[in-house]
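# Summary of the model geometry
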Amino acid sequence: MNEFDHRWQTCAARARQDVAGPVPVPVGFATRTWARWTGRSHASLTAVWTALSFRALILATLVLVVLATAEFSTASADNALTPHLEDVVANVWGTL
Amino acid sequence: LNTAAFDVKKCLEGVRRQDTAAAHALVEHLYPLVLRIVRSHLPRRLAEEDLAQEVFLKLFSRLEQYRERPGTPFEHWVSRLAVRTCLDSLRAERRRPELRWGDLAEETAAWLKYMVSAADVAPHTSAAAARETLEVLLRQLRPADRLVITLLDLEERSLKEVSQMTGWSLTLVKVRAFRARRRLRKIGHAWKDEAPHE
């Protein structure tokens, strides 16, 4: 053991004599700690709910956009192929 | 801790059922143990009560992970949790203040002079001053090094106990202690180089 280590141990031995007495629990510490824990667990449930709701909202928006796109393209295709009903009726009426 | 009179198992069951009275009893029962650990490894800028509360919050959140084992009291699990929490706080303390001789109290400076110089006689000061001197040097170590030296030298824990409290292997504890002591000597030399000439 070198000189520094020896002196370190001397100082540590003296420091160990600094014994604190019995430690009383601060007034309201248990109440504050438990309240913080229960508050935090409620907060975390709310956070989970919020995160899930937000994701559900994004998913629902995506589904709506996809469906609207599909509907729009189908509707456009139908319009190109199907003749207007009133024209057919007018033509038939005109031939009579 | 008066473990004989306190029924930990019953109390833990109560806390798991969110029983407020059981939680209060548990906190009051464990507070001396937790505070003793917190005081030994407290970062400079954190109040001991805040860190103690952090330990209890972790305890509540991880209570489901605790499994009772024969021969291993609940207090051991709590000690380990407290030590790990303190280590995390020390790691989070990014900037450690640099102290100079002029910043030290007279008694602390006297101890430090004794440690780094050739003075033969240890100063006759309070034990608190000796402890503060060790803290000055320990604060300059890395958190893990500080932890291992505090447990070994100040709390006089055995290597096995340190291993159990930290979760490190016995070899790792030995290696960390060896390296920490080497760094401590270097820190001591640095203080010696800057020592005021009288």
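These remarks concern the structure in this document.

Definitions and limits used
- Residues numbered from 1 in each chain as written.
- Chains lettered and ligands numbered in written order.
- Predicted model: local features only at pLDDT ≥ 70, side-chain atom pairs only at ≥ 80, totals over all residues.
- Heavy atoms only, no water.
- Salt bridge = Lys/Arg side-chain N within 4 Å of Asp/Glu carboxyl O.
- Helix = DSSP H or I, 4+ residues; strand = E, 2+ residues; numbered from the N terminus.
- Buried < 20%, exposed > 50% of the residue type's maximum accessible area, 1.4 Å probe, protein only.
- Phe/Tyr/Trp six-rings, centres within 6.5 Å; stacked < 30°, edge-to-face > 60°.
- Lys NZ or Arg CZ within 6 Å of the ring centre and 35° of its normal.
- Contact = heavy atoms within 4.5 Å.
- Buried area = accessible area lost by both parts, 1.4 Å probe.
- Polar contact = N/O pair within 3.5 Å; in protein donor to acceptor, adjacent residues only side chain to side chain.
- Nonpolar A, V, L, I, M, F, W, Y, C, P; charged D, E, K, R; others polar.
- Axes fitted to C-alpha atoms, helices over the stretch in contact; angles between N-to-C directions.
- Parallel < 35°, antiparallel > 145°, perpendicular 65-115°, else oblique.
- Left-handed = near helix turned anticlockwise from the far one by under 90°.

Once that is clear, we can look at the pattern of salt bridges. Applying the stated criterion across every chain, the model contains 13 salt bridges over all chains. Between A:Arg7 and A:Glu3 there is a salt bridge, with the nearest N and O atoms lying 2.7 Å from each other. One end of the pair is A:Arg7 and the other is A:Glu3, both in helix H1 (residues 3–15) and four residues apart, which spans about a single turn. We classify A:Arg7 as buried; its relative accessible area is 4%. Classification of A:Glu3 by relative accessible area gives partly exposed; the value is 45%. The salt bridge partner of B:Arg39 is B:Glu48, with a shortest N-O separation of 3.0 Å.

Summed over the entire model, instances satisfying the criterion amount to ten aromatic pairs over all chains. Here the aromatic rings of A:Trp34 and B:Phe60 are separated by 4.9 Å at their centres, their planes lie at 80°, and the arrangement is edge-to-face. Taken together, the residues A:Trp34 in helix H2 (residues 29–81) and B:Phe60 in helix H3 (residues 48–61) connect one chain to another. Residue A:Trp34 shares its accessibility class with B:Phe60, and that shared class is buried. Measuring from centroid to centroid gives 6.2 Å for A:Trp37 and B:Phe60, while their planes differ by 35°, and the two rings are tilted. Of the two residues, A:Trp37 is situated in helix H2 and B:Phe60 in helix H3; the pairing between them involves two chains. Judged on exposure class, the residue A:Trp37 and its partner B:Phe60 are both buried. Each residue in the set A:Phe29, B:Tyr31 and B:Phe56 is aromatic and connected to the rest through ring pairs, giving one cluster. Between A:Arg7 and the ring centre of B:Tyr114, over which it is positioned, the NZ or CZ distance is 4.7 Å.

Here the focus is the interface of chain B and chain A. Between chain B and chain A, the contact holds 48 residues from the first and 29 residues from the second. Of the roughly 3500 Å² buried where chain B meets chain A, counting both sides, 66% is carbon and sulfur surface. Across the chain B-chain A interface, the total number found is four salt bridges. With its nearest N and O atoms 2.6 Å apart, the salt bridge here joins A:Arg32 to B:Glu49. Along the contact surface separating chain B from chain A lie twelve residue pairs in polar contact (both at pLDDT 80 or more). Breaking the side of chain B that touches chain A down by element, the ones donating at least two residues are helix H2 (20–40), H3, helix H5 (106–116), helix H6 (127–138), helix H7 (143–154) and helix H9 (170–193) of chain B. Ranked by residue count, the leading element in the side of chain B that touches chain A is H2(B), at nine residues. For the side of chain B that touches chain A, the residue count by class is 27 nonpolar, ten polar and eleven charged.

Below, the discussion takes up the packing of helix H4 (residues 74–92) of chain B against H7(B). Residue and element names in this part refer to chain B. In contact at an axis separation of 9 Å, H4 and H7 are set at 140° when each is read in the N-to-C sense. When the interaxial angle is binned, H4 and H7 end up oblique. Both H4 and H7 take part in a crossing whose hand is right-handed. Packed against H4, whose contacting residues are Val83, Leu87, Leu90 and Arg91, the element H7 presents Pro143, Ala144, Arg146 and Leu147 at the interface.

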